[in-house]
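A closer look at the structure
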Amino acid sequence: MRLTDFWARLEEAFGPAYARSIAADHSFAGLGDRTIEKAIADGIDTATIWRAVVAAYPDRVPARLR
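Residues numbered from 1 in each chain as written. Predicted model: local features only at pLDDT ≥ 70, side-chain atom pairs only at ≥ 80, totals over all residues. Heavy atoms only, no water.

If you check an unreviewed UniProt entry, the protein chain appears there as DUF3046 domain-containing protein from Paractinoplanes bogorensis.

Encoded structure:
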């Protein structure tokens, strides 16, 4: 998944402001307790990051974005 596609999905699921907040402030167990920003900086594949977001927020991410 391209980085631009990742951000588009995150913003569609959470709204632009909340998506950026989640990316900066929420540590995901599925990413080794990294934030999204840290995982991207560490070179974690965006598809892996997206799966961690979906796992953490299954009710928030629409099925068509999974």
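Scanning the protein chain from N- to C-terminus turns up four helices and zero strands. Listing every helix and strand of the protein chain by position from the N terminus yields α-α-α-α. Relative to the globule expectation of 11 Å for 66 residues, the C-alpha radius of gyration of the protein chain, 10 Å, shows essentially globular dimensions. With 66 residues in all, the protein chain has 35% of them scored as buried. Side chains of the protein chain give 9 positive and 9 negative charges; the mean places of these two sets differ by 4 Å. (Helix = DSSP H or I, 4+ residues; strand = E, 2+ residues; numbered from the N terminus. Rg over C-alpha atoms; globule rule 2.2 N^0.38 Å. Buried < 20%, exposed > 50% of the residue type's maximum accessible area, 1.4 Å probe, protein only. Lys, Arg positive; Asp, Glu negative; His and termini not counted. Charge placed at Lys NZ, Arg CZ, Asp CG, Glu CD.)

Turning next to the pattern of salt bridges. Evaluation of the coordinates by the stated rule reveals five salt bridges. The shortest N-O distance in the salt bridge between R20 and E11 comes to 3.4 Å. In this structure, the salt-bridge partner of D42 is K38, at a minimum N-O distance of 3.0 Å. You can call D42 partly exposed: its relative accessible area is 36%. Take K38: its relative accessible area is 42%, and that puts it in the partly exposed class. Put simply, R34, K38 and D42 are held in one network by salt bridges that share partners. (Salt bridge = Lys/Arg side-chain N within 4 Å of Asp/Glu carboxyl O.)

Residue placement: I40 occurs in helix α3 (residues 36-41). What makes I40 partly exposed here is its relative accessible area of 24%. Ignoring sequence-local partners within four residues, the contact set of I40 consists of L3, F6, W7 and I49. (Contact = heavy atoms within 4.5 Å.)

Bringing the environment of I22 into the picture now. Assignment of secondary structure puts I22 in helix α2 (residues 16-25). Overall, the relative accessible area of 3% leaves I22 in the buried class. Non-local contacts of I22, meaning those with residues more than four positions away in its chain, are made with F14, F28, I36 and Y57.

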